[in-house]
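Remarks on the overall topology
Next come the chains, spelled out residue by residue.
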Amino acid sequence: EAQVTQNPRYLITVTGKKLTVTCSQNMNHEYMSWYRQDPGLGLRQIYYSMNVEVTDKGDVPEGYKVSRKEKRNFPLILESPSPNQTSLYFCASSSDRSSSYEQYFGPGTRLTVT
Amino acid sequence: AQSVAQPEDQVNVAEGNPLTVKCTYSVSGNPYLFWYVQYPNRGLQFLLKYITGDNLVKGSYGFEAEFNKSQTSFHLKKPSALVSDSALYFCAVRDRSGGFKTIFGAGTRLFVKA
């Protein structure tokens, strides 16, 4: 089954404790992206990647890091989480092959930073 | 600044009536345009897209959208609403210039009353 998986689905942590949210896709998509969803703000793009070792900032990259060492994986790293990073996070993947273009989203990770 | 506007936080419609969810954008160039839907406690699902060609595009679950270049709008429509259409709808635009920068609107919550 074609899918995007994220782990963990729920995470409660404390300020300053480094964490990683993993994302993996099995569709051989070249594009991957991270978003955060906050009430009234929709989804805001944090970082995206156009292929292995190619990443770029979205609209809200501060406080986040990403890497793309393998095509299928795109982890999101919070080196020193703060309460304003409490949010619902989505990973997505996409491809321009076969005129596709749309994004496939993971199930989301709800992060609470206390 | 590039932006996507969904001017209505909420749209209420009676079952069987037509529905429209509005989206306008302010983005340079001719972006790719998308609609996604989020059902309660679930991830986002792709509904439809405009890439090129006919201004009226048809998508999943009987939804359609009309691209209007002069008004920079991409309104989502359905001729006859169902209670099961009740969800949160997001309009999104993606830069066509070769990147993967994507901007989402804040979302419109659709309530369909039986």
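Our structure is the block above this text.
Residues numbered from 1 in each chain as written. Chains lettered and ligands numbered in written order. Predicted model: local features only at pLDDT ≥ 70, side-chain atom pairs only at ≥ 80, totals over all residues. Heavy atoms only, no water.

The next point concerns the overall build of chain A. Of regular secondary structure, chain A possesses zero helices and eleven strands. A compact globule built from 114 residues would reach a C-alpha radius of gyration of about 13 Å, and chain A, at 13 Å, matches this within 12%. Counting the 114 residues in chain A, one finds 52% classified as buried. Long-range contacts, defined as pairs at least 24 residues apart, comprise 55% of the intrachain contacts of chain A with a sequence gap of at least 6. Accessible surface computed for chain A: about 5400 Å², of which carbon and sulfur atoms make up 49%. Separation between the mean location of the 13 positive side-chain charges and that of the 11 negative ones in chain A comes to 7 Å. (Helix = DSSP H or I, 4+ residues; strand = E, 2+ residues; numbered from the N terminus. Rg over C-alpha atoms; globule rule 2.2 N^0.38 Å. Buried < 20%, exposed > 50% of the residue type's maximum accessible area, 1.4 Å probe, protein only. Contact = heavy atoms within 4.5 Å. Areas by Shrake-Rupley, 256 points an atom, 1.4 Å probe, with all protein chains shown as cover. Lys, Arg positive; Asp, Glu negative; His and termini not counted. Charge placed at Lys NZ, Arg CZ, Asp CG, Glu CD.)

The next subject is the environment of B:E66. Residue and element names in this part refer to chain B. Summarising the element assignment, E66 is placed in strand β8 (residues 64–68). C-alpha separation for the pair E66 and L56, spaced ten residues apart in sequence, amounts to 4.5 Å. Among residues more than four places away in sequence, those in contact with E66 are N55, L56, S73, F74, H75 and K77.

On to the packing of aromatic side chains, then. The full count for this structure, using the stated rule, is 15 aromatic pairs over all chains. Judged by centre distance (5.7 Å) and plane angle (35 degrees), the ring pair of B:Y36 and B:F104 falls under tilted. Pair noted here: B:Y36 is in strand β5 (residues 32–38) and B:F104 is in strand β11 (residues 102–104), with a separation of 68 residues, a long-range link. B:F104 shares its class with B:Y36; the two are buried. Pairwise contacts between aromatic rings join A:Y35, A:F90, A:F105, B:F34, B:Y36, B:F46, B:F90 and B:F104 into one cluster. Positioned above the aromatic ring of A:Y31, the side-chain terminus of B:R94 is 4.7 Å from the ring centre. (Phe/Tyr/Trp six-rings, centres within 6.5 Å; stacked < 30°, edge-to-face > 60°. Lys NZ or Arg CZ within 6 Å of the ring centre and 35° of its normal.)

For the structure on display, the rule yields two disulfides over all chains. A sulfur-sulfur separation of 1.8 Å characterises the disulfide bridge that pairs A:C23 with A:C91. Residues A:C23 and A:C91 share a disulfide whose torsion about the S-S bond is about -70 degrees; that sign makes it left-handed. You can see A:C23 sitting in strand β3 (residues 19–25) and its partner A:C91 sitting in strand β9 (residues 87–94), a full 68 residues away along the chain. With a sulfur-sulfur separation of 2.0 Å, B:C23 is cross-linked through a disulfide to B:C91. On the sign convention where negative means left-handed, the S-S torsion of about -65 degrees between B:C23 and B:C91 marks this disulfide as left-handed. In this pair, B:C23 sits in the loop between β3 (19–21) and β4 (24–26) while B:C91 sits in strand β10 (residues 87–94), placing the two residues 68 residues apart along the sequence. (Disulfide = S-S within 2.5 Å.)

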